[in-house]
Amino acid sequence: MGAGLGVDAVMAGGDSAIPASLSGFDRPEWVDPPSAKTKAMIPVFSDFRFNIPTGSPVKLYAGVKLGAAWLLGDSYLLLQNGRMSGTTQFYFRPSVGARIPVDRNNPAHAFTVALTYQLLTSGNNWSWYGRDSVTLSSLGLTISYEFGR
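Read on for a plain summary of the structure. Each residue is numbered by its place in its chain's sequence as written, counting from 1. Per-residue local features are limited, in this predicted model, to residues with pLDDT of at least 70; the limit for side-chain atom pairs, both in listing and counting, is 80 or more; totals at the level of whole chains, interfaces and linings are taken over all residues. Side-chain calculation: all heavy atoms of the structure are included, whereas hydrogens and water are not.

Structural notes on the overall build of the protein
Looking only at helices and strands, the protein has zero helices and eleven strands in total. Labels follow the DSSP assignment, with helices taken as runs of H or I lasting at least four residues and strands as runs of E lasting at least two, numbered in each case from the N terminus. Each helix and strand of the protein, placed in order from N terminus to C terminus, yields the pattern β-β-β-β-β-β-β-β-β-β-β. Note on exposure labels: buried denotes an accessible area under 20% of the residue type's maximum, exposed denotes more than 50%, and partly exposed covers the range between, all computed with a 1.4 Å probe on protein chains only. Counting across all 149 residues of the protein, residues that qualify as buried make up 32%. Should any heavy atoms of two residues lie within 4.5 Å, those residues are counted as being in contact. Expressed as a percentage of contacts within the protein between residues at least 6 apart in sequence, the contacts between residues at least 24 apart total 67%.

Details of the pattern of salt bridges
A pairing counts as a salt bridge when a side-chain nitrogen of Lys or Arg comes within 4 Å of a carboxyl oxygen of Asp or Glu. Counted under the stated rule, the structure contains three salt bridges. Its salt-bridge partner being Arg99, residue Glu146 comes within 2.7 Å of it at the nearest N-O pair. On the criterion of sequence distance, the pair formed by Glu146 in strand E11 (residues 134-146) and Arg99 in strand E8 (residues 89-101) is long-range, its members being 47 residues apart. Residue classification places Glu146 among the buried residues on the basis of a relative accessible area of 19%. Owing to a relative accessible area of 15%, Arg99 belongs among the buried residues under this scheme. Look at the salt bridges and you will find they share partners, linking Arg49, Arg99 and Glu146 into a network.

Thoughts on the nonpolar core
Taken as a class, soluble globular proteins show a tendency for nonpolar side chains to be buried jointly. As used here, the term nonpolar core means buried Ala, Val, Leu, Ile, Met, Phe, Trp, Tyr and Cys residues forming a set that is joined through side-chain atoms within 4.5 Å. Counting twelve residues, the largest nonpolar core consists of Val10, Ala12, Met41, Phe45, Ala69, Leu71, Leu77, Leu79, Met84, Tyr91, Leu120 and Val134. Put simply, the parts of the chain that give this core at least two residues each are strand E4 (38-52), strand E5 (59-71) and strand E6 (76-79). When neighbours within four sequence positions are excluded, Ala12 is seen to be in contact with Lys37, Leu77, Leu78 and Leu79.

Remarks on the side chain of Asp47
Tracing the sequence through the fold places Asp47 in strand E4. This buried residue, Asp47, is left without a salt bridge; Arg49 holds the nearest opposite charge, at 4.1 Å. Not counting the four nearest positions on each side in its chain, Asp47 is found in contact with Met1, Gly2, Ala3, Val64 and Lys65. His is not counted, nor are the chain ends; Lys and Arg add positive charge and Asp and Glu add negative charge.

Concerning a nonpolar patch on the surface
The grouping of Val58, Val96, Ile100, Val102, Phe111, Val113, Leu115, Leu141, Ile143, Tyr145 and Phe147 at the surface amounts to a nonpolar patch, some 1100 Å² of accessible area in total. Of all the elements in the fold, those that place two or more residues in the nonpolar patch are E8, strand E9 (110-122) and E11. With respect to the helices and strands, the residue Phe147 is situated in the segment after E11. A relative accessible area of 66% means that Phe147 is categorised as exposed. Residues enter patches when they are more than 30% accessible in relative terms and free of salt bridges; like-charged ones are connected within 9 Å and nonpolar ones (Val, Leu, Ile, Met, Phe, Trp, Tyr) within 5 Å. For the area figures, the Shrake-Rupley method with a 1.4 Å probe applies, and any residue is considered shielded solely by the protein chains shown.

Examining the pairing of E8
Across eleven bridges, the pairing between E5 and E8 is antiparallel. Its bridge partner lying in E8, Val64 is registered against Pro94. Strands were regarded as paired on the criterion that DSSP finds at least two bridges between them. Examined bridge by bridge, E8 and E9 share ten bridges and lie antiparallel to one another. Each residue of the ladder has a partner; that of Ala98, found in E9, is Val113.

Topic: the packing of aromatic side chains
By convention, a stacked pair of Phe, Tyr or Trp rings (six-membered ring in the case of Trp) has centres within 6.5 Å and planes under 30 degrees apart, an edge-to-face pair has planes over 60 apart, and any other such pair is tilted. Inspection of every chain in the model, using the stated rule, returns two aromatic pairs. Considering the side-chain rings of Phe111 and Tyr145, the 5.1 Å spacing of their centres and the 65 degrees angle between planes classify their relative orientation as edge-to-face. With Phe111 in strand E9 and Tyr145 in strand E11, this pair connects stretches of sequence that are 34 residues apart. For Tyr145, a relative accessible area of 40% translates into the label partly exposed. Whether a charge sits over a ring comes down to the Lys NZ or Arg CZ being within 6 Å of the ring centre and within 35 degrees of the ring normal. Across the ring face of Tyr61, the terminal group of Arg49 is positioned such that the distance to the ring centre comes to 4.6 Å.

By themselves, these observations are geometric and do not establish any function.
What follows is the structure, given as structure tokens:
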């Protein structure tokens, strides 16, 4: 078990235009602040990992990162059906992977390669259609470096 802090790039797909059915509204909070299709995100999490013995220095593992995330900057993340704000988002990221030590004298130093699923969700957002909850999910591949004593 551990704790962590990360930096992720979040990219949204879909059309970046406000739907034509809403273009006549004159409420500035519906079109401001500005929105971006790509944002940086800072997740803060608890990291739980379960190692699977392999009989070699390379260890397989299953893990989960659980915590909160925030988008950086003043603009919203523009989604296909709304916007995600910079307020606190729930962060959930299970993974399966391999841990590859790089220093025989210090096994705390290692590269990890993992397949991941990531879920972000919160109820502090804005949708063109009146909902305030947003859920984003993705599949990915991560490569990271671990260090310690």
